[in-house]
Amino acid sequence: MDSELILQLLVPVALGIVAVIIFVVGDRLRPDSWRQSEDEAPGTLVIDLINTLFMAVAAFVVVICWQQYDNAHNHTIAESKALIDVYWAAHSMPEPEHQQVQKLVHDYTEQVVTVEWPEMDNEGRLSQSTQDTLDNLRDTVMAIQSPDSNVTDLRASAVAALEAVAQARADRAMDADLGMPGFLYTALWFTTVLLLFTAVLSGVSVNKRSLLMTALLGIVVGAAIVAIYGLDRPFSGGNIVPKDAFDLALSRYQHIT
């Protein structure tokens, strides 16, 4: 079984166990004045505040993570579209520029898919060898000289598209190293701990029903935290940005050729 999947299963279960332990130990340590005669104690202002605070922090973190994920995906789409534009421009160029430019565009796109995606996942950075291929491509396009105005226009179109590729790649480099600020995770874990103590603070008696509800609370909170961590870094972790935009570009090259 994949280690990432094991982690996603263990964290909710572990928090469920922790919630039960806190509840049982807290029941033994809390003063008698905190105990309630019924299974369900009336909600207090403090407990309601804890629940609201946790939901607010979790929602805020999820929104930020999802925005980062969505922006990263949009950057890959912009990069792949610009690469297709370069390939199209090279399609009408004379030889040997036609074949040279198209080959380099194809090589760069393939390296992004096969080399750079795993490196972003494992190292949180882009591949230097892939950057070298892009630099070689730009040098090749910049070196094209022709008295033919059509070739000059195609070269200008390719240069403009390559500038868009470089910009989108720079954005992707920032996305690969982007993570949630530490203080937000501190707030998330602080409110999580407070939430796990709500059963103790509410004065609910320890019985089968309350133990089950407390365990379920821990599992739900753990699952939410796993989902948040999965969204944290767009190109690493359990929920990475797909490389479908570059796969589509490789498919388009075959049709253009």
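Only a predicted model underlies this, so the values are computations on that prediction, with no experimental measurement involved.

Draft legend 1. Here's a closer look at the overall build of the chain. Within the chain, the secondary structure is distributed over 9 helices and 0 strands. Along its sequence from the N terminus, the chain presents helices and strands in the succession α-α-α-α-α-α-α-α-α. Looking at the chain as a whole, 40% of its 257 residues are labelled buried. Here the analysis covers contacts within the chain between residues at least 6 apart in sequence; of these, 83% occur between residues at least 24 apart. Carbon together with sulfur atoms contributes 62% to the accessible area of the chain, which is approximately 13,800 Å² in total.

Draft legend 2. Inspection of the packing of aromatic side chains at higher detail. Across all of its chains, the model carries 5 aromatic pairs by this definition. An angle of 70 degrees between the planes, with centres 5.7 Å apart, marks the rings of Trp-117 and Phe-246 as edge-to-face. Highlighted residues: Trp-117 in helix H3 (residues 97–123) and Phe-246 in helix H9 (residues 244–256), separated in sequence by 129 residues. Both residues of the pair, Trp-117 and Phe-246, count as buried. Put simply, the rings of Trp-117, Phe-235 and Phe-246 pair up and form one aromatic cluster.

Draft legend 3. Quick look at the pattern of salt bridges. Following the criterion strictly, the structure yields 5 salt bridges and no others. For Arg-172, the salt bridge is made with Glu-116, and the minimal N-O distance between the two is 2.9 Å. Of this pair, Arg-172 sits in helix H5 (residues 149–176) while Glu-116 sits in helix H3, placing them 56 residues apart in sequence. Accessibility expressed as a relative area gives 0% for Arg-172, which makes it buried. Among the residues examined, Glu-116 registers a relative accessible area of 0% and is labelled buried.

Draft legend 4. Just the confidence of the model for the chain, in detail. The predicted model of the chain averages 84 in pLDDT, with 85% of residues at 70 or higher. The lowest-confidence element of the chain is helix H1 (residues 3–29), averaging 70 in pLDDT; the highest-confidence one is helix H4 (residues 128–142), averaging 95. A low-confidence stretch, residues 37–42 stays under pLDDT 50, and its non-local contacts, those more than four residues away or across chains, total 8 contacts.

Conventions adopted
- Residues numbered from 1 in each chain as written.
- Predicted model: local features only at pLDDT ≥ 70, side-chain atom pairs only at ≥ 80, totals over all residues.
- Heavy atoms only, no water.
- Helix = DSSP H or I, 4+ residues; strand = E, 2+ residues; numbered from the N terminus.
- Buried < 20%, exposed > 50% of the residue type's maximum accessible area, 1.4 Å probe, protein only.
- Contact = heavy atoms within 4.5 Å.
- Areas by Shrake-Rupley, 256 points an atom, 1.4 Å probe, with all protein chains shown as cover.
- Phe/Tyr/Trp six-rings, centres within 6.5 Å; stacked < 30°, edge-to-face > 60°.
- Salt bridge = Lys/Arg side-chain N within 4 Å of Asp/Glu carboxyl O.
- pLDDT = per-residue confidence, 0-100.

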